[in-house]
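Below, each chain spelled out in residue letters.
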Amino acid sequence: MKLRPLHDRVIVKRLEQETKTASGIVIPDNAAEKPDQGEILAVGPGRKTDKGDLVNMGVKVGDRVLFGKYSGQTVKVDGEELLVMKEDDLFAVVEK
């Protein structure tokens, strides 16, 4: 199944978080927090202004982004857990 987000929405796949601290302590899965970083898999065309003009998205497929812990709506596609959220829910793009 392929998803195509509408308007100013993006599809994000959460990136796995480290399960070991810097000092070597292993964090069990049930104690670990949900990661707040992800990779953008798909972007919508953008939002429309009141005048009907299209405002392009500020992110693109492949960008690594930061978002809030409770941002977006979780959906399962082909057994994979993805997030659908508005571009406004994104905090930053992580530059490499």
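Look above for the structure.
Residues numbered from 1 in each chain as written. Predicted model: local features only at pLDDT ≥ 70, side-chain atom pairs only at ≥ 80, totals over all residues. Heavy atoms only, no water.

### Considerations on the pairing of strand S1 (residues 9-14)
Strand direction decides the pairing type here: S1 and strand S7 (residues 80-86), joined by four bridges, are antiparallel. The partner of Arg-9 across the bridge, within S7, is Lys-86. (Pairing = 2+ DSSP bridges. Helix = DSSP H or I, 4+ residues; strand = E, 2+ residues; numbered from the N terminus.)

### A look at the pattern of salt bridges
Considering all chains together, one arrives at three salt bridges under this definition. We note a salt bridge from Lys-13 to Glu-80, for which the minimum N-O separation is 3.0 Å. Taken together, the residues span a long stretch of sequence, with Lys-13 in strand S1 and Glu-80 in strand S7 at a distance of 67 residues. In this structure Glu-80 comes out as partly exposed when scored by relative accessible area, which is 31%. Ionic pairing is found between Lys-60 and Asp-63, a salt bridge with its closest N-O pair at 3.0 Å. Classification of Asp-63 by relative accessible area gives buried; the value is 11%. (Salt bridge = Lys/Arg side-chain N within 4 Å of Asp/Glu carboxyl O. Buried < 20%, exposed > 50% of the residue type's maximum accessible area, 1.4 Å probe, protein only.)

### Section: unusual backbone geometry
Phi is positive for His-7, which is not a glycine, with a value near 55 degrees. Turning to its location among the elements, His-7 is positioned in the segment before S1.

### Focus on the side chain of Asp-63
Take Asp-63: it is sitting in the loop between strand S4 (54-55) and strand S5 (64-67). Side-chain polar atoms of Asp-63 contact the backbone nitrogen of Lys-60, separated by 3.0 Å. Ignoring anything within four residues of it in the chain, the contact list for Asp-63 reads Gly-38, Glu-39, Ile-40 and Val-93. (Polar contact = N/O pair within 3.5 Å; in protein donor to acceptor, adjacent residues only side chain to side chain. Contact = heavy atoms within 4.5 Å.)

### Some details on the side chain of Ser-71
Following the sequence through the fold, Ser-71 ends up in the loop between S5 and strand S6 (73-77). Of note is the side chain of Ser-71, whose polar atom sits 3.2 Å from the backbone nitrogen of Gly-68. Not counting residues within four places of it along the chain, the set of residues in contact with Ser-71 comprises Leu-83, Met-85 and Asp-89.

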